[in-house]
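Architecture and fold: a report
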Amino acid sequence: GNSVTQMEGPVTLSEEAFLTINCTYTATGYPSLFWYVQYPGEGLQLLLKATKADDKGSNKGFEATYRKETTSFHLEKGSVQVSDSAVYFCALSPSQPGNQFYFGTGTSLTVIP
Amino acid sequence: DTAVSQTPKYLVTQMGNDKSIKCEQNLGHDTMYWYKQDSKKFLKIMFSYNNKELIINETVPNRFSPKSPDKAHLNLHINSLELGDSAVYFCASSRTAGGLRGEQYFGPGTRLTVT
């Protein structure tokens, strides 16, 4: 079956620290992988995505590489800012149309000045 | 232009009441979804419609009934509201259901509080 396992939070970092949020998945076939971000009081927004093995998604200084050999899609940022404080969700869209999206449980990040 | 909109943004009501939440998307997508997010931020899919047809119907009480009058709209009606229904409800849409173009776009959410 399909599932996403995400690093549990909450995570608290100082400004300019390095961020890694781990995400691993199980899936049949070749899914697309996503990171979504939810700022306080808002809906989820797509942060980045990758649709095939070895693809790197990037946006706003965040990066994640689709690693089929380790079934992982870890989110990284070299230097976090206070404005990055949010909840981050890893997600999987199966390759077969007609199937639902699978979300991880979310990781809350707080960046302190 | 708002891609996925929901109304109302906040909904406070008493136990036993019936309420509806409306969702509209102007992205031309074929598939729409309802999610429930609890206080721990866990997202649970409730329903999905593709071209006005129900394709996902997770284990949700019968008190919840989705209605899709056309592929741009997906409304959620809740009967006999209970305290445990308090949550944030998100509508989302995608070009297709799953697959490479399964990327979902979310509305701003409706915070439902049942007292």
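The paragraphs below set out a description of the structure included in this document. (Residues numbered from 1 in each chain as written. Chains lettered and ligands numbered in written order. Predicted model: local features only at pLDDT ≥ 70, side-chain atom pairs only at ≥ 80, totals over all residues. Heavy atoms only, no water.)

**Structural notes on the state of the cysteines**
Let me state the cut-off plainly: We call a pair of cysteine sulfur atoms a disulfide whenever their separation is within 2.5 Å. By definition, any uninterrupted DSSP run of H or I lasting at least four residues is a helix, any uninterrupted run of E lasting at least two residues is a strand, and each is numbered from the N terminus. For each residue, the accessible area found with a 1.4 Å probe, counting protein chains only, is set against the maximum for its type, and the residue is called buried under 20%, exposed over 50%, and partly exposed in between.
Summed over all chains, the structure comprises two disulfides over all chains. In this model A:Cys23 forms its disulfide with A:Cys90; the gap between the sulfur atoms is 1.9 Å. Handedness of the A:Cys23-A:Cys90 disulfide follows from its S-S torsion of about -70 degrees: it is left-handed. Of this pair, A:Cys23 sits in strand 4 (residues 23-26) while A:Cys90 sits in strand 10 (residues 86-93), placing them 67 residues apart in sequence. One disulfide bridge connects B:Cys23 with B:Cys91, the sulfur atoms lying 1.9 Å from each other. Taking the torsion about the sulfur-sulfur bond, which here is approximately -75 degrees, the covalent link between B:Cys23 and B:Cys91 counts as left-handed. Here B:Cys23, found in strand 3 (residues 19-25), pairs with B:Cys91, found in strand 9 (residues 87-94); they are 68 residues apart in sequence, far enough to count as distant. No difference in accessibility class separates B:Cys23 from B:Cys91, as the two residues are buried.

**Brief notes about the interface of chain B and chain A**
For the record, the criterion: Contacts between residues were defined by any pair of non-hydrogen atoms, one from each residue, lying within 4.5 Å. In this description, buried area is defined as the sum, over both parts, of the accessible area (probe of 1.4 Å) that is lost when the two are combined. For salt bridges, the criterion is a side-chain nitrogen of Lys or Arg within 4 Å of an Asp or Glu carboxyl oxygen. Contacts described as polar in this section are N or O atom pairs within 3.5 Å, which, within protein, must combine one atom able to donate a hydrogen with one able to accept it, while residues neighboring in sequence count only if both atoms come from side chains. Note on residue classes: Ala, Val, Leu, Ile, Met, Phe, Trp, Tyr, Cys and Pro are nonpolar, Asp, Glu, Lys and Arg are charged, and everything else, Gly too, is polar.
Facing 20 residues of chain B, the contacting portion of chain A comprises 24 residues. Summed over both sides, the interface of chain B with chain A buries roughly 1,700 Å², with 56% coming from carbon and sulfur. In this structure, the salt-bridge partner of B:Glu103 is A:Lys49, at a minimum N-O distance of 2.7 Å. On inspection of chain B and its partner chain A, the count reaches three residue pairs in polar contact (both at pLDDT 80 or more). Across the side of chain B that touches chain A, the residue classes tally to 10 nonpolar, six polar and four charged.

**Quick notes on the sheet that holds strand 8 (residues 62-65) of chain A**
By way of backbone hydrogen bonds, the strands of a sheet pair with one another, either parallel or antiparallel. All names here are of chain A. The cut-off we apply is this: Paired strands are those between which DSSP finds at least two bridges. Orientation is described by axes fitted as lines to C-alpha atoms, over the contacting stretch for helices, and by angles from 0 to 180 degrees between their N-to-C directions.
Strand order in the open sheet made by the four strands is 3-9-8-7, with antiparallel pairing throughout. Unpaired on one side and paired on the other, strand 3 (19-21) and strand 7 (56-59) mark the two borders of the sheet. The average angle at which neighbouring strand axes cross in this sheet is 15 degrees, direction not considered. By the bridge criterion, three bridges tie strand 3 to strand 9 (residues 75-77) in an arrangement that is antiparallel. Among the inter-strand pairings, Leu 19 is bridged to a residue of strand 9, identified as Lys 77.

**Description of unusual backbone geometry**
A cis amide bond, omega -5 degrees, links A:Gly9 with the succeeding residue A:Pro10. Turning to its location among the elements, A:Pro10 is positioned in the loop between strand 1 (3-6) and strand 2 (11-14). Put simply, B:Thr7 and B:Pro8 share a cis peptide bond, and its omega is -5 degrees. Following the sequence through the fold, B:Pro8 ends up in the loop between strand 1 (4-7) and strand 2 (10-13). Even without glycine at this site, A:Asp54 takes up a positive phi of about 75 degrees. Along the polypeptide, A:Asp54 turns up in the loop between strand 6 (44-50) and strand 7. One non-glycine residue with positive phi stands out, namely B:Ser80, at about 45 degrees. Of note, B:Ser80 is situated in the loop between strand 8 (73-78) and strand 9.

**Here we look at the sheet that holds strand 7 (residues 64-70) of chain B**
All names here are of chain B. The antiparallel open sheet is built from four strands, whose spatial order is 1-3-8-7. Sheet topology places strand 1 and strand 7 at the edges, where each strand pairs with a single neighbour. Taken pair by pair, the neighbouring strands of this sheet meet at an average axis angle of 20 degrees, ignoring direction. Bridge analysis of strand 1 against strand 3 gives four bridges, and the strand direction is antiparallel. Of the residues in strand 3, the one forming a bridge with Val 4 is Gln 25.

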